[in-house]
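# Overview (structure and organization)
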Amino acid sequence: MTVHFVGAGPGAADLLTLRAVNFLRAADVCLYAGTYLDEDVLGHCHDEARLVDTQHLNLDEITGEIVQAHTDGLDVVRLCSGDPTSYSA
């Protein structure tokens, strides 16, 4: 199980990096802020991926989702607003 923290930039599907798109295509679970992302961003996820909108979850609940994915041996993408290396909400 791997967790990738992926910056979604301004939240538009056509502005993601190629690496981000590849991570989304391979992820079993994708956690994202539904209030922030263009719905087309999630179109990069495969049909069987579990999509978790975190807009109403607190940090403990989000962490719980990641821990459960780890327990289940699943790969996770945590889509973050902006660039997680310099700024992210």
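Our subject is the structure that appears above.
A brief structural summary. (Residues numbered from 1 in each chain as written. Predicted model: local features only at pLDDT ≥ 70, side-chain atom pairs only at ≥ 80, totals over all residues. Heavy atoms only, no water.)

### Concerning the pairing of strand 4 (residues 76–80)
Put simply, the rule is: Partly exposed residues are those whose accessible area sits between 20% and 50% of the maximum for their type, while under 20% is buried and over 50% is exposed, using a 1.4 Å probe and protein chains only. Counting from the N terminus, the helices are the DSSP runs of H or I reaching at least four residues and the strands are the DSSP runs of E reaching at least two. Paired strands are those between which DSSP finds at least two bridges.
Counted residue by residue, strand 4 has five buried out of five residues, so it is predominantly covered. Alternating residues of strand 4 divide into Val-76, Arg-78 and Cys-80 and Val-77 and Leu-79, and every residue in both groups is buried. Judged from the five bridges that link them, strand 1 (residues 3–7) and strand 4 form a sheet pairing that is parallel. Across the sheet, residue Val-3 finds its bridge partner in strand 4, namely Val-76. Examined bridge by bridge, strand 2 (residues 29–32) and strand 4 share three bridges and lie parallel to one another. Pairing of Val-29 across the sheet is with Val-76, part of strand 4.

### Looking at the pattern of salt bridges
Defined as follows: Here, a salt bridge means any side-chain nitrogen of Lys or Arg that lies within 4 Å of a carboxyl oxygen of Asp or Glu.
A complete count under the given rule lists one salt bridge for this structure. Two residues, Arg-50 and Glu-65, come together in a salt bridge whose shortest N-O distance is 2.8 Å. Taken together, the residues span a long stretch of sequence, with Arg-50 in strand 3 (residues 50–53) and Glu-65 in helix 2 (residues 59–71) at a distance of 15 residues.

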